[in-house]
Amino acid sequence: MLSVQERAHIAQVWDLIAGQEALFGAELLRRLFTVYPSTKVYFRHLGDHPDEVQLLNHGQRMLQAVGVAVQYMDNLRAVLSPLADLHAQVLRVDPTNFPLVIQCFQVVLASHLQGEFTVEMQAAWDKFLTGIAVVLTEKYR
Amino acid sequence: MVHFTTEEKAAVASLWAKVNVEAVGSESLARLLIVYPWTQRFFDSFGNLHSESAIMGNPKVKAHGRKVLNSFGNAIKHMDDLKGTFADLSELHCDKLHVDPENFRLLGNIILIVLATHFSKKFTPQMQAAWQKLTNAVANALAHKYR
């Protein structure tokens, strides 16, 4: 359950990302693959050494989905249902990988927002992204 | 044993030279207690942890945060023998403090986020990778003597 303040923090940070989903998404993936190389096994369709265009394209898709989650944060289960099906039936990403993405996401936010990435924002986004991960892995079994 | 490459050691050392230990240490521990409130269970003796501002301003939190980050400074001097370096601290955290080692990983992750807020673009993916490897290794070293 997200409080009113948490929702405000989430929306406030999203305002900075909106319109730049590709750039933020590419940086997220670049950091994920550099810091946690084992995650690349789930992105083989991007090749062994994904180029900038591939990172931008796939990053944009991921961040656009986050944007949808921001828009419907009271109803994640319904709005992310198709993605939950995809992860359960096709992608089958081991649930232990989601905290790795969440960590990299926070580092991206922190490096862009610097001092403005307050502890309240970090707490709200950590909780929000963890909620998304729970929904995406809920149908696994 | 974890092996750090020359590049990783250089990356860690170059950033460490610019780290404000007081600021990063105290902020990291405060963020841990706020973002993951259940971690407060280990700090009953620290006094007022009832609000975010209380935690951020708590002198015991600041002092302990500084102490923790200073131990990272020691780790960086002994990156080839972290288990030996942290053996005594590991026993302390197990036998006296009874801290779940998961907390070491959580705090390590938060230290990275705080470093990113301070260093922004200079906290490159390669820098993040080297530091993540270090914080993971320190967490493992601190858990090594648990029984």
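Residues numbered from 1 in each chain as written. Chains lettered and ligands numbered in written order. Predicted model: local features only at pLDDT ≥ 70, side-chain atom pairs only at ≥ 80, totals over all residues. Heavy atoms only, no water.

With that out of the way, let us pick up the overall build of chain B. When its secondary structure is counted, chain B shows 8 helices and 0 strands. On C-alpha atoms alone, chain B measures out to a radius of gyration of 15 Å, which is about the 15 Å that the 2.2 N^0.38 rule sets for 147 residues. Over its C-alpha atoms, taken along the principal directions, chain B stretches across nearly 45 × 40 × 20 Å. Roughly 7,200 Å² of accessible area belongs to chain B as shown, and the carbon and sulfur atoms make up 54% of that amount. Side-chain charges of chain B comprise 17 positive and 13 negative groups, with the mean position of each set lying 4 Å from the other. (Helix = DSSP H or I, 4+ residues; strand = E, 2+ residues; numbered from the N terminus. Rg over C-alpha atoms; globule rule 2.2 N^0.38 Å. Areas by Shrake-Rupley, 256 points an atom, 1.4 Å probe, with all protein chains shown as cover. Lys, Arg positive; Asp, Glu negative; His and termini not counted. Charge placed at Lys NZ, Arg CZ, Asp CG, Glu CD.)

One frequently used descriptor of interface size is the decrease in accessible area upon assembly of the parts. On the side of chain B, 21 residues touch chain A, which itself brings 21 residues to the contact. Of the roughly 1,800 Å² buried at the junction of chain A and chain B (both faces included), carbon and sulfur atoms supply 58%. Looking at the side of chain A facing chain B, the largest losses of area belong to A:Gln103, A:Val119 and A:Gln122, adding up to 28% of the total buried there. In this structure, the connection of chain A to chain B is made through 0 salt bridges. Counting the contacts that link chain A with chain B gives 8 residue pairs in polar contact (both at pLDDT 80 or more). Where the side of chain A that touches chain B is concerned, the elements lending two or more residues are helix H2 (21-35), helix H6 (98-113) and helix H7 (119-137) of chain A. It is H6(A) that provides the largest number of residues to the side of chain A that touches chain B, a total of 7 residues. Split by residue class, the side of chain A that touches chain B holds 8 nonpolar, 9 polar and 4 charged. (Contact = heavy atoms within 4.5 Å. Buried area = accessible area lost by both parts, 1.4 Å probe. Salt bridge = Lys/Arg side-chain N within 4 Å of Asp/Glu carboxyl O. Polar contact = N/O pair within 3.5 Å; in protein donor to acceptor, adjacent residues only side chain to side chain. Nonpolar A, V, L, I, M, F, W, Y, C, P; charged D, E, K, R; others polar.)

One turn of an α-helix holds 3.6 residues; hence residues three or four places apart share an orientation. All names here are of chain A. Across its 15 residues, H2 extends 21 Å between first and last C-alpha, which sits within 8% of the 21 Å expected from 1.5 Å per residue. Of all 15 residues in H2, 12 are buried, a share of seventy percent or more. Every buried residue belonging to H2 is among Glu21, Ala22, Phe24, Gly25, Ala26, Glu27, Leu28, Leu29, Arg31, Leu32, Phe33 and Val35, and all of these are buried. (Expected span 1.5 Å × (residues − 1). Buried < 20%, exposed > 50% of the residue type's maximum accessible area, 1.4 Å probe, protein only.)

The residues that UniProt annotates with the feature "domain: Globin" (unreviewed entry) are residues 1-141 of chain A. Taken as a whole, residues 1-141 of chain A contains 70% helix and 0% strand, while its terminal C-alpha atoms sit 24 Å from one another. (UniProt positions renumbered as here; feature names shortened; annotations may be inferred.)

This paragraph deals with the side chain of B:Gln132. Its place among the elements puts B:Gln132 in helix H8 (residues 125-143). Under the relative-accessibility criterion, B:Gln132 is labelled buried at 1%. The contacts of B:Gln132, once residues within four sequence positions are left out, are A:Val35, A:Tyr36, A:Gln103, B:Asn109 and B:Leu112.

Right, let's get into the environment of B:Lys9. Residue and element names in this part refer to chain B. Looking at the element boundaries, Lys9 is found in helix H1 (residues 6-16). With a relative accessible area of 28%, Lys9 lands in the partly exposed category. As a C-alpha pair, Lys9 and Val114 span 105 residues in sequence and 20 Å in three-dimensional space. Apart from residues lying up to four places away in sequence, Lys9 is in contact with Phe4, Met79 and Asp80. One polar contact links Lys9 to Asp80, side chain to side chain, over a distance of 2.9 Å.

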